[in-house]
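Fold and geometry: a report
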Amino acid sequence: MTAINSVTDLSKDGDIAVITLNSPPVNALSAGVRDGLKGAFDAAIKDPSVKAIVLICEGKTFIAGADISEFGKPPKGASLFEVEDTIESAPKPVVAAIHGTALGGGLEVALCAHYRIAVPSAKCGLPEVNIGILPGAGGTQRLPRIVGVEEALAMVTSGKHVNAKQCLASGLIDELAPEGELRTAALAFARKIVSEARPLRKVRDQNEKVEAARGHPEIFAEFRKAHARQFRGFNAPENNIRAIEAAVNLPFDEGLKEERRLFIELFTGPQAAAQRYVFFAERQVWKLPDIPDDTAQLPVRKVGIIGAGTMGGGIAMNFANVGIAVTIVEVQDAALQRGLGVIRKNYDNTAAKGRLTAADVDKRMGLIKGSLELESLGDCDLIIEAVFERMEIKKEVFAKLDRIAKQGAILASNTSYLNIDEIATATKRPDAVIGMHFFSPANVMRLLEVVRGEKTSKPVIATAMAIAKKIGKIGVLVGVCPGFVGNRMLAQRQREAQKLVMEGAMPWDVDRVLYDFGFPMGPFAMSDLAGLDIGWVKENSRGETIRDVLCEMDRRGQKTGAGYYDYDEKRNRKPSPVTEKIISEFRARAGITARKIEDGEILERCIYPMINEGAKILEEGKAIRASDIDIVWINGYGWPVYEGGPMYYGDAVGLGKVLDRMQSWHKSMGDVFKPAALLEKLVAEGKGFKDLK
Ligand code: 3HC
Ligand code: NAI
């Protein structure tokens, strides 16, 4: 065995050279890995006793892509293209042996090998689109030559990881190795290739599948149309599509040049920078400064949910989906049956789309039990309360829980706004009480705010975060304050949206500006969807707000066919003259003359107060880091990933500008705009949120 460098070894097994990479955690193509590969392949090619070469990786995965942390830094070492050329033009067969994931640059390297073998658990993909770029090392030119244009389009624009079995079917890999026996199988495969004198098969020379799509521009036109909604606002999907078009319409080397051009266009743009930031921010949230990774966790085998309403049912599904038994408790049988019925319907819908089998549905439903007795939660390891949002009810439930829950159980509340510390006072074990704030629909939305109370113990926090990961959520640890991180900032936007309407904008103007910014919908369309009557009580309604009047007229949102907007039978919305009239009357009563409000002002008024509030949240230590706030907004509220989140956006537009606006509104419109001390400090020091440690 020869060490080529600290991450690359070259050894021989008879006349087969084996190049082994070992660069934890994911064998990313850092300068060291590229240099190692180049050196090892050169040596194996030069050695006349070597008949074939196997490339394999140590650790949990094959090469998972370029080293994203090197992006934007001056290039060092061998280029990826040099490595690829060396492999592809090797005068002896090269076999890539894949386990874990071959992603991005990793798959591109494997595509330069003449043959590929993988274990059944392996996956292949080109996920570059998720960080705002495209496969820039030949992936868009080689992939369609093997899997065909349609599958290549789907893979590069979704970034999906394709399992080994499907890869075998599409030709992306040539052989499956028994699980755990990759090295032996790869060596045997290499020997077979040598003994059968198989050709040095280069993907670049296989033109059949791209030629079949030549002269069929409709393939691309239809693909664009079918995915327009999904790709809206993002630059990367379009350039990925164009690169595949180039593979179809240009000779290989010309196609490579076009891929490069399209890659650089994305790579140097602001979206890729934002998406790269989000990639690392998503991985940061799990790092808790005062709770080490080895903090003892509590075993969670059985979960109890209280309340089978909008949230309780969705929360229960998360656990059943990963095989954990759940009991849902309701007060009345009718509510329980309705809740269980909604869960069943959700699963049936998924099954109808082919994403679950009937057996899966039965298995999951089998894990969910209903009960009308709180006592049936006595043996649960984790209990999540999702009853009405009223402090006295929550306290009553927690006091009862304190009596019936076993010692060591975690008592969580799904409250949106209420004080977790106050809820905890209803128990004699405030260290066991925590907030687990899911987002609606709870079975779909990825965000889970884990709310740490003053007395919550570290094992309870560590367990709640681990549970978040287990059920496929992105857990963000936040502190107790009204609305926590997400809803507290949302309240700023909602207030300004309402005020803008009083000053002269229409709800559809505000919605359009936020939609164009990249949100899935604006605040008024969102209210119509959720129902204007959430928290509205008919008996107490005195027509004091526009919302009150709309609800009193039974315009309670989409479900009643009208709200801020009018809806047709297909739920398409259009601006409503009724709403317009109500707004005019409100303005007249308040003595306000409507003014024309520019789109730019609408955007700034909705977003800068959120950034300011985010600064207050950081100041108060209610979020660990600015990037955690960004992750909350991207995963809980549809903030566009390519804008990086509100705090990232603040840095991008310049905190000086944000502060300047806040100061001017503070003077003209009062204290709600008072700039955060942290914002002032950062601007005075010429720094951004990114500079906070
Ligand atoms: N570059 C640098 N660091 C990377 C990385 C990469 N490509 N991929 C993962 N890491 C780091 C993570 O930041 C994390 O670091 P940390 O422990 O310090 O937080 C560590 O590796 C482990 O990653 P995960 O926590 O994500 O581990 P998982 O086991 O959950 O997932 C994975 C493994 C599926 C490989 C996942 O990390 C992943 O999807 N990685 C990104 C893959 C990717 O996007 N590849 C394309 C890169 S771009 C490219 O190749 C351009 C080319 O076309 C020229
Ligand atoms: P919901 O009104 O749809 O459901 C509440 C359910 O709790 C009802 O079915 C009710 O019968 C039941 N219930 C009331 N008291 C009970 C008791 N003592 N024991 C057992 N069951 C009882 O309410 P929703 O929307 O599900 O909200 C629940 C909690 O989740 C609230 O705290 C809310 O703030 C929070 N939340 C709601 C979100 C939403 O979008 N709806 C989002 C995130 C959190």
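As the structure is a computational prediction, the values presented were derived from the model and not from experiment.

If you tally the helices and strands in the protein, you get 29 helices and 20 strands. A compact globule built from 693 residues would reach a C-alpha radius of gyration of about 26 Å, and the protein, at 29 Å, matches this within 12%. Principal-axis analysis of the C-alpha atoms places the extent of the protein at approximately 90 × 60 × 55 Å. Residue burial in the protein is summarised as follows: out of 693 residues, 53% are buried. In the protein, the share of contacts with a sequence separation of at least 24, taken over all contacts with a separation of at least 6, comes to 72%.

Moving on: the sheet that holds strand β6 (residues 101–103). Pairing is mixed in the open sheet, where 3 strands are placed in the order β6-β8-β9. Each edge of the sheet is formed by a strand with only one pairing partner; in this case those strands are β6 and β9 (162–163). Judged from the 3 bridges that link them, β6 and strand β8 (residues 123–125) form a sheet pairing that is parallel. Considered in β8, the bridge of A102 is made with C124. Helix-sheet contacts for helix α3 (residues 105–112) involve β6 and β8, and the interaxial angle to β6 is about 90°.

Let's shift gears to the nonpolar core. Ranked by size, the top nonpolar core spans 91 residues in total, and within it V510, I546, I607, W633, W639 and F689 carry the most contacts. Among the elements that line this core, the one with the most residues is helix α25 (residues 599–619), at 10 residues. Composition of this core by domain shows at least three residues from each of domain 2 (302–482) and domain 3 (505–590). Ignoring sequence-local partners within four residues, the contact set of I546 consists of V501, M502, Y564, I582, I583 and F586.

For the rest of this paragraph, the subject is the site of ligand 1. Near ligand 1, the surroundings consist of 24 residues, among which A66, G105, E108, E128 and K287 are the closest. In the environment of ligand 1, an oxygen atom lies 2.8 Å from a nitrogen or oxygen atom belonging to the backbone of G105. The fraction of the free accessible surface of ligand 1 (980 Å²) that becomes covered by protein chains is 73%. Elements represented by at least two residues in the shell around ligand 1 include exactly β6, α3 and α13 (270–284). Ranked by residues supplied to the shell around ligand 1, first place goes to α13 with 3 residues. Here the shell around ligand 1 is built from residues that sort into 13 nonpolar, 5 polar and 6 charged.

Sheets are built from strands paired through backbone hydrogen bonds, the pairs being either parallel or antiparallel. With mixed pairing, the 8 strands of this open sheet are ordered in space as β13-β12-β11-β14-β15-β16-β17-β18. Where the open sheet ends on each side, the last strands, each with one partner, are β13 (368–371) and β18 (474–479). Sheet twist, expressed as the average angle between the axes of neighbouring strands with direction ignored, equals 25°. Relative to strand β17 (residues 447–452), strand β16 (residues 433–438) runs antiparallel, the two sharing 4 bridges. When the bridges of β17 are listed, M436 appears paired with V450. Packed onto the sheet, helix α17 (residues 391–404) meets β11 (302–306), β14 (382–385), β15 (410–413) and β16 and runs at close to 170° relative to β15.

All right, on to the site of ligand 2 then. The environment of ligand 2 is made up of 20 residues, and the closest members are M311, E330, E389, K394 and S416. Taking E389, its side chain carries an N or O atom lying 2.6 Å from an oxygen atom of ligand 2. Here N414 contributes a side-chain N or O atom positioned 2.9 Å from an oxygen atom of ligand 2. For ligand 2, the accessible surface in isolation is 830 Å², of which the surrounding protein chains cover 78%.

Frequently, the measure chosen for interface size is the accessible area removed from exposure when the parts meet. Taken domain by domain, the protein holds domain 1 (2–267), domain 2 (302–482) and domain 3 (505–590). On a C-alpha basis, the centroid separation for the pair domain 1 and domain 3 is 51 Å.

Let us look at the pattern of salt bridges. The final tally for this structure, using the stated rule, is 54 salt bridges. Between D402 and R429 there is a salt bridge; the shortest N-O distance is 2.8 Å. One end of the pair, D402, is in helix α17; the other, R429, is in the loop between α18 (420–424) and β16, with 27 residues separating them in the sequence. For the pair shown, D402 and R429 are each scored as buried. Between E620 and R488 there is a salt bridge, with the nearest N and O atoms lying 3.0 Å from each other. With a gap of 132 residues between them, E620 in the loop between α25 and α26 (626–637) and R488 in helix α20 (residues 486–503) connect regions that are remote in the sequence. Classification of R488 by relative accessible area gives buried; the value is 10%.

Moving on, we come to the packing of helix α21 (residues 507–517) against helix α22 (residues 523–530). Look at α21 against α22: their axes get within 7 Å of each other, and the N-to-C directions meet at 105°. Taken together, the axis directions place α21 and α22 in an arrangement best described as roughly perpendicular. Where α21 abuts α22, its residues P507, V510, D511 and L514 lie against P523, F524 and A525. Residue composition of the contact of α21 with α22, grouped by class: 6 nonpolar, no polar and 1 charged.

Glancing now at the environment of E496. Mapped onto the elements, E496 comes out in helix α20. When the C-alpha positions of E496 and E396 are compared, they lie 36 Å apart, and in sequence the two are 100 residues distant. Not counting residues within four places of it along the chain, the set of residues in contact with E496 comprises R605, C606, P609 and F673.

A separate point is unusual backbone geometry. In this structure, the amide linkage connecting P24 to the following residue, P25, adopts the cis form with an omega of 0°. By the secondary structure assignment, P25 is in the loop between β3 (16–21) and α1 (31–46). In this structure, the amide linkage connecting S440 to the following residue, P441, adopts the cis form with an omega of -10°. Mapping P441 onto the fold places it in the loop between β16 and β17. Unlike most non-glycine residues, F484 shows phi in positive territory, near 55°. The residue F484 is located in the loop between β18 and α20 in this model. On the accessibility criterion, F484 (0% relative accessible area) is buried. The phi dihedral of D554 falls on the positive side, at around 60°, and the residue is not glycine. For D554, the position within the fold is in the loop between α23 (546–552) and β19 (565–567).

Calculation notes
- Residues numbered from 1 in each chain as written.
- Chains lettered and ligands numbered in written order.
- Predicted model: local features only at pLDDT ≥ 70, side-chain atom pairs only at ≥ 80, totals over all residues.
- Heavy atoms only, no water.
- Helix = DSSP H or I, 4+ residues; strand = E, 2+ residues; numbered from the N terminus.
- Rg over C-alpha atoms; globule rule 2.2 N^0.38 Å.
- Buried < 20%, exposed > 50% of the residue type's maximum accessible area, 1.4 Å probe, protein only.
- Contact = heavy atoms within 4.5 Å.
- Pairing = 2+ DSSP bridges.
- Axes fitted to C-alpha atoms, helices over the stretch in contact; angles between N-to-C directions.
- Core = buried A, V, L, I, M, F, W, Y, C linked by side-chain atoms within 4.5 Å.
- Domains from an automatic or database assignment.
- Near = heavy atom within 4 Å.
- Polar contact = N/O pair within 3.5 Å; in protein donor to acceptor, adjacent residues only side chain to side chain.
- Areas by Shrake-Rupley, 256 points an atom, 1.4 Å probe, with all protein chains shown as cover.
- Nonpolar A, V, L, I, M, F, W, Y, C, P; charged D, E, K, R; others polar.
- Salt bridge = Lys/Arg side-chain N within 4 Å of Asp/Glu carboxyl O.
- Parallel < 35°, antiparallel > 145°, perpendicular 65-115°, else oblique.

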